Amino acid sequence: MKNTGNRESNYEKVFDQIREWFLQCPQENIAKKVGAEFDTENLYLPFFGERCRINRTTGEITGAGQRQIPVTERLTIMHHLRYCQSYAEEGRKMVPFREIREAAVFERAYERAALDPLKKHFAGRPQELLKAGLKLGGVREKYGDVSVTLYAFPKISLTYIFWDKDEEFPPSANILFQDTIAQWTHPESVPTLAQIGTEKNKLEIFMEAGGIPVQVRYCESQIHEIFRRCEGFICGNRIPSRI
């Protein structure tokens, strides 16, 4: 059995390191770059449709209604602020994971953590994916059997595409990213964002069915390549060939 407690403790240490950077950084300039609002107490940054608060004095991050945000999500938010480049540009086109050169080393992890759960959960019910994505503030697209673009952050979007199973093919899925996404966050956060989007889609359907609110746990059995660097963590999945 894996010791997830030690793993989460390591994540908290990394979060604390990045939080120290945040307390010293030009917060208002960064907020303007990433599309966040701010006042004297907090930055307000939408994250998959949820307005998160980042305390400017402590660096603590909370969600809507003071929701306690998992450390993987907090790290992902901080990575966006920390690694957004001053020259970052809006994406010119949407591309599959394999075309993001800076993140290519994480492709197998991306496949396991973002695409495989997507295919397993929505097989036979692709409209549920569309419904979940729209509830997260997404926009319907015209790819595959169903597709929806989610806004992880104001400047980072991901398009989830799903083909349902039939007599000849198993279910298939793909996620498209802005071609400039590596200018807006750390490359290790690219597969993590894909996984978080998958988990949030699944959670929306669970909640709609009357499920009890749960704390999503990331990066457990599907992800074994975590913390390859002192500031790193990752997630994963495979890119189908149907796009």
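The structure we're discussing is the one just above.
Residues numbered from 1 in each chain as written. Predicted model: local features only at pLDDT ≥ 70, side-chain atom pairs only at ≥ 80, totals over all residues. Heavy atoms only, no water.

(A) A look at the sheet that holds strand β9 (residues 172–178). Read across the sheet, five strands follow the order β5-β9-β8-β7-β6 without closing on themselves; strand pairing throughout is antiparallel. Sheet topology places β5 (94–96) and β6 (139–140) at the edges, where each strand pairs with a single neighbour. Relative to β9, β5 runs antiparallel, the two being bridged by three bridges. When the bridges of β9 are listed, Val95 appears paired with Phe177. (Pairing = 2+ DSSP bridges. Helix = DSSP H or I, 4+ residues; strand = E, 2+ residues; numbered from the N terminus.)

(B) Main features of the nonpolar core. Judged by nonpolar contacts, the single largest core of 58 residues is most densely connected at Ile54, Leu158, Ile175, Phe177 and Leu193. Leu193 has contacts with Phe47, Phe48, Thr76, Ala152, Phe153, Ile156, Leu158, Tyr160, Ile181 and Thr185, leaving out every residue within four places of it along the chain. (Core = buried A, V, L, I, M, F, W, Y, C linked by side-chain atoms within 4.5 Å. Buried < 20%, exposed > 50% of the residue type's maximum accessible area, 1.4 Å probe, protein only. Contact = heavy atoms within 4.5 Å.)

(C) Representation of the sheet that holds strand β3 (residues 50–55) in the model. Judged by pairing direction, the sheet is antiparallel, and its four strands sit side by side in the order β1-β2-β3-β4 without closing on themselves. The sheet is open, and its two borders are formed by β1 (37–38) and β4 (61–62), each paired with just one other strand. Of the strand pairs in this sheet, strand β2 (residues 42–47) and β3 are connected by six bridges, and their pairing is antiparallel. Bridge pairing in β3 places Pro46 opposite Arg51.

(D) Structural detail: the packing of aromatic side chains. Counted according to the given criterion, the structure contains five aromatic pairs. Arranged with centres 5.1 Å apart and planes meeting at 35°, the rings of Phe47 and Phe153 form a pair that is tilted. Pair noted here: Phe47 is in strand β2 and Phe153 is in strand β7 (residues 146–153), with a separation of 106 residues, a long-range link. Comparing Phe47 with Phe153 shows no difference in burial state: the two are buried. Plain terms: the ring middles of Phe97 and Tyr110 are 4.2 Å apart, the flat faces sit at 5° to each other, and that makes the pair stacked. On the criterion of sequence distance, the pair formed by Phe97 in the loop between β5 and α4 (107–122) and Tyr110 in helix α4 is long-range, its members being 13 residues apart. Judged on exposure class, the residue Phe97 and its partner Tyr110 are both buried. An aromatic cluster is built from Phe47, Phe48 and Phe153, whose rings are joined through pairwise contacts. One residue, Arg82, lies across the ring of Tyr83, its end atom 5.1 Å from the ring centre. (Phe/Tyr/Trp six-rings, centres within 6.5 Å; stacked < 30°, edge-to-face > 60°. Lys NZ or Arg CZ within 6 Å of the ring centre and 35° of its normal.)

(E) Up close: α4. Taking 1.5 Å as the rise per residue, α4 with 16 residues should run 22 Å; its terminal C-alpha atoms sit 21 Å apart, in good agreement. Of all the bends in α4, the largest measures some 30° and sits at Leu115, one to four residues before the proline Pro117. Positive backbone phi, approximately 85°, marks Gly124, located one or two places after α4. (Expected span 1.5 Å × (residues − 1). Bend = angle between axes of the 7 residues up to and from the residue.)

(F) How the structure looks around a negative patch on the surface. A contiguous patch of negative charge on the surface is contributed by Asp145, Asp166, Glu167 and Glu168. With respect to the helices and strands, Asp145 occurs in the loop between β6 and β7. Judged by its relative accessible area of 44%, Asp145 is partly exposed. (Patch = residues over 30% accessible without salt bridge, like charges linked within 9 Å, V, L, I, M, F, W, Y side chains within 5 Å. Areas by Shrake-Rupley, 256 points an atom, 1.4 Å probe, with all protein chains shown as cover. Salt bridge = Lys/Arg side-chain N within 4 Å of Asp/Glu carboxyl O. Lys, Arg positive; Asp, Glu negative; His and termini not counted. Charge placed at Lys NZ, Arg CZ, Asp CG, Glu CD.)

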